[in-house]
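Coordinates in review
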2 protein chains.
Amino acid sequence: MDKPHITLIGMGLIGSSIGHALKRVDLAAHITGYARSAETREKALNIGFVDSIADSLKGAVADADIVFLNVPVGMIAEIVRDMAPSLKPGAIVTDVGSVKKSVMDAVHEHLTENTTFVPAHPIAGTELSGPEAGFAELFDNRWCILTPDSETDKQAVQTISDLWRAMGSDVEIMDADHHDLVLAITSHVPHLIAFNIVGTAADLEAVTQSEVIKYSAGGFRDFTRIAASDPVMWRDVFMNNGEAVLEMLARFSEDLTSLQRAIRWKDGEALEKLFSRTRDIRRSIIEAGQDTDDVNFGRTESPHKTD
Amino acid sequence: MDKPHITLIGMGLIGSSIGHALKRVDLAAHITGYARSAETREKALNIGFVDSIADSLKGAVADADIVFLNVPVGMIAEIVRDMAPSLKPGAIVTDVGSVKKSVMDAVHEHLTENTTFVPAHPIAGTELSGPEAGFAELFDNRWCILTPDSETDKQAVQTISDLWRAMGSDVEIMDADHHDLVLAITSHVPHLIAFNIVGTAADLEAVTQSEVIKYSAGGFRDFTRIAASDPVMWRDVFMNNGEAVLEMLARFSEDLTSLQRAIRWKDGEALEKLFSRTRDIRRSIIEAGQDTDDVNFGRTESPHKTD
């Protein structure tokens, strides 16, 4: 197809980064931006990752060949319902949600015959939010998972795959249920326990909040970084992927209880055994290009060795 | 006192960083290094953060005015017992252990009359280990907590405080039991749950290890960084601060169980409420200079907002 007219619904970190990434490779004939707040729309236009903004959802999608939904998972159904009547025949709708099965069910309920939904999830981000947070390189060398079902139009899947590759991502096709299970352990549960320990620390009486903040370089601060992520987005993740999250959480708690027991009974062998397993996984992640081993001063509690 | 002769026992990340930091400000008349492994001793001499190395513990401390013990807390008692007879009258022994109460008890058992032990804990580090991992800036703007008791010689405490300030740290004096409680929540429990979730992820059948690694940019990889810390050091931390860790862990699990319940019953309000509390603490940590808010590409799962 010729250069498509692309519309961004939602222009926070991901929406704005998509705009920057599309402009970097000049992939769109025109980029229209829409966000609920007029302030965000103005910012988007001033920053320049969209060519124009629309002040209504219907107006935003009327001319779009491709619509990106960059909003919390819990808002997608409502938005699709409201915009569906205004979509062009043949338009492709895609999303960036961290949960896929529930989103697909919600969208199929509302989307009309001659339009296609391609579920997608770029696994990239930062703890920062808003239209100023986006940058063109966010998706470089990160994975974008597409979860089409048997009904999904193959050509539309190809179009969205090509777009993500052009934006710097590697693309993987996966079953939606499996995606939700994989993300539960690689993203959702890690965020949940990060949010949780920051809450636990804030509620202590024996240790003051200022002490927690002052001495956070011991490891705690790394959890606060993760726990600084957008509350609404994360609420929706757990509201929509509860089953997989609870399954993974049960295993996490089981393992933690056995560590608790090892500490209580001073079973140093069991502790060292677990602590030794984890370095290989770290090495593999760096080799896979999914993180760097650059020294971030004071990043974690001092792992000093005897020799 | 004149420039002291300083001896480093243990030359991993912390020991080597102390050597670099002392040389940066030219604080020592002479720096002697000792480590159990000959390879580490050779590396230390070649890198140059020590002026000479000793091939025995006794030889290493014989001329020392100040001895830094940079080894896992589980080794300190044995080392103090072995070196005590060789210490000069008036020598000051200090450590960098992440647990203070058990270390003080162990040391006082072995240390002789005319020498002083000043318990210390620099709250800084990286996930890297070994003599090559050290650098002079590691302690800059980080806190070093000293936990002397009523018996501890005031002049010796002053000497060690001055040394840490000269090495770039801020110094805080704290009761040993309180230190162990504060570090349990700001460092020990965070590391425990990081080690734990990496173990949980490695044991899944439904999700392969290669998938966990491939999609780790969703948040998991940040835990693997923390979980890459030295296994022996961490085993010793949990063997020596079990009581405080179990107390904090109980609160963490309690809170996690209520989150679990909120997810099961789709209580979005409760989830959003907790997720919203945590950003302020993050901001305070950045304001306190204990972390930067630099964007680390793909650092966490995308916190995209609706507008």
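Here's a quick rundown of the structure.

Procedures and definitions
- Residues numbered from 1 in each chain as written.
- Chains lettered and ligands numbered in written order.
- Predicted model: local features only at pLDDT ≥ 70, side-chain atom pairs only at ≥ 80, totals over all residues.
- Heavy atoms only, no water.
- Helix = DSSP H or I, 4+ residues; strand = E, 2+ residues; numbered from the N terminus.
- Buried < 20%, exposed > 50% of the residue type's maximum accessible area, 1.4 Å probe, protein only.
- Contact = heavy atoms within 4.5 Å.
- Areas by Shrake-Rupley, 256 points an atom, 1.4 Å probe, with all protein chains shown as cover.
- Lys, Arg positive; Asp, Glu negative; His and termini not counted.
- Charge placed at Lys NZ, Arg CZ, Asp CG, Glu CD.
- Arc of directions from axis to C-beta.
- Buried area = accessible area lost by both parts, 1.4 Å probe.
- Salt bridge = Lys/Arg side-chain N within 4 Å of Asp/Glu carboxyl O.
- Polar contact = N/O pair within 3.5 Å; in protein donor to acceptor, adjacent residues only side chain to side chain.
- Nonpolar A, V, L, I, M, F, W, Y, C, P; charged D, E, K, R; others polar.
- Pairing = 2+ DSSP bridges.
- Axes fitted to C-alpha atoms, helices over the stretch in contact; angles between N-to-C directions.
- Least-squares fit on C-alpha atoms with pLDDT ≥ 70 in both.
- Phe/Tyr/Trp six-rings, centres within 6.5 Å; stacked < 30°, edge-to-face > 60°.
- Lys NZ or Arg CZ within 6 Å of the ring centre and 35° of its normal.

Scanning chain A from terminus to terminus reveals 12 helices and nine strands. Judged by the C-alpha coordinates and their principal axes, chain A covers about 65 × 40 × 40 Å. Going through the 307 residues of chain A one by one, you find that 61% of them count as buried. Taking as baseline every contact in chain A between residues at least 6 positions apart, the subset at least 24 positions apart corresponds to 74%. On chain A, roughly 10800 Å² of surface is accessible, and the fraction owed to carbon and sulfur atoms is 48%. Taken as two groups, the 29 positive and 47 negative side-chain charges of chain A have centres that lie 5 Å from each other.

All names here are of chain B. Buried residues of helix H5 (residues 101-110): Val-103, Met-104, Ala-106 and Val-107, and no others. End-on, the buried residues of H5 take up no more than an arc of 165°, which puts them together on one face. Of the surrounding elements, those touching the buried residues of H5 are helix H4 (73-83), strand E5 (92-95), strand E6 (116-118) and helix H7 (176-202).

Interfaces are often sized by the amount of accessible area the parts lose when they come together. Counting residues at the interface gives 134 residues for chain A and 134 residues for chain B. Buried surface at the junction of chain A and chain B, both sides included, amounts to about 12800 Å², of which 65% is carbon and sulfur. Counting the contacts that link chain A with chain B gives 10 salt bridges. Connecting chain A to chain B are 34 residue pairs in polar contact (both at pLDDT 80 or more). No other element matches helix H7 (residues 176-202) of chain A, which puts 20 residues into the side of chain A that touches chain B. Each residue belonging to the side of chain A that touches chain B can be placed in one class, and the counts come to 65 nonpolar, 39 polar and 30 charged.

Quick look at the side chain of Ser216(B) now. On the secondary structure map, Ser216(B) appears in the loop between helix H8 (209-214) and helix H9 (220-226). Setting aside residues up to four positions removed in sequence, Ser216(B) forms contacts with Thr186(A), Ile285(A), Gln290(A) and Arg221(B).

Residue and element names in this part refer to chain B. With a phi close to 50°, Asp-26 is a non-glycine residue in the positive phi region. Mapping Asp-26 onto the fold places it in the loop between helix H1 (13-24) and strand E2 (30-34). Accessibility expressed as a relative area gives 47% for Asp-26, which makes it partly exposed. Here Asn-141, not a glycine, exhibits a phi torsion of approximately 60°, which is positive. Within the secondary structure, Asn-141 sits in the loop between strand E7 (120-122) and strand E8 (143-146).

Here the focus is the sheet that holds strand E9 (residues 170-173) of chain A. In any sheet, the strands associate via hydrogen bonds between backbone groups, in a parallel or an antiparallel arrangement. Residue and element names in this part refer to chain A. Read across the sheet, three strands follow the order E7-E8-E9 without closing on themselves; strand pairing throughout is mixed. Looking at strand neighbours, the two that pair on one side only are strand E7 (120-122) and E9, the edges of this open sheet. Strand after strand, the sheet turns through a mean of 20° between neighbouring axes, direction not considered. Sheet analysis places E7 next to strand E8 (residues 143-146), joined by three bridges and oriented antiparallel. When the bridges of E8 are listed, Ala-120 appears paired with Leu-146. Of the strands in this sheet, E7, E8 and E9 are in contact with helix H6 (residues 154-166), which crosses E8 at around 170°.

Tallying each qualifying case throughout the model produces 36 salt bridges over all chains. Note that Arg235(A) is salt-bridged to Glu272(B), the shortest N-O span being 2.8 Å. Placement of Arg235(A) in helix H10 (residues 231-240) and of Glu272(B) in helix H12 (residues 268-287) is noted, with the two residues assigned to different chains. Its relative accessible area of 25% is what places Glu272(B) among the partly exposed residues. The residue Lys43(B) makes a salt bridge to Glu39(B) at a minimum N-O spacing of 3.3 Å. Here the residue Lys43(B) and the residue Glu39(B) both occupy positions in helix H2 (residues 38-47), the gap between them amounting to four residues, near one helical turn. On the accessibility criterion, Glu39(B) (53% relative accessible area) is exposed. Through salt bridges with shared partners, a single network forms among Glu127(A), Arg225(A), Arg282(B) and Asp291(B).

Screw-axis analysis of chain A against chain B gives a translation of 0.0 Å along the axis, an RMSD of 0.0 Å, and a rotation angle of 180°. Put plainly, the chains are arranged around a two-fold axis. Take the interface residues of chain A: 100% of them recur as interface residues in chain B, which is what a same-surface contact looks like.

We now examine the sheet that holds E2(B). Residues and elements named next belong to chain B. Taken in spatial order, the six strands line up as E3-E2-E1-E4-E5-E6 in an open sheet, and their pairing is parallel. Each having just a single partner strand, strand E3 (52-53) and E6 make up the two edges of the open sheet. Pairing geometry for strand E4 (residues 66-69) and E5, over four bridges, is parallel. Bridging from a neighbouring strand, Leu-69 pairs with Asp-95 of E5. Contacting strand E1 (5-9), E4, E5 and E6, helix H6 (residues 154-166) runs over the sheet at an angle of about 65° to E4.

Let us now look at the packing of aromatic side chains. Scanning the entire structure with this criterion turns up 13 aromatic pairs over all chains. Ring geometry for Phe195(A) against Phe275(B): centres 4.1 Å apart, planes inclined by 20°, an arrangement best described as stacked. Within this pair, whereas Phe195(A) is found in helix H7, its partner Phe275(B) is found in helix H12, the two belonging to separate chains. The exposure class assigned to Phe195(A) is buried, which follows from its relative accessible area of 0%. A cation over a ring is seen here: Lys214(A) above Trp143(B), with NZ or CZ 4.3 Å from the ring centre.

All names here are of chain B. Among the secondary structure elements, Pro-148 is positioned in the loop between E8 and H6. Take Pro-148: its relative accessible area is 21%, and that puts it in the partly exposed class. As for Pro-148 and Leu-57, which are separated by 91 residues in sequence, their C-alpha atoms are 25 Å apart. In this structure Pro-148 touches Met-104, Pro-119, Val-157 and Ile-173, once residues within four positions along its chain are discounted.

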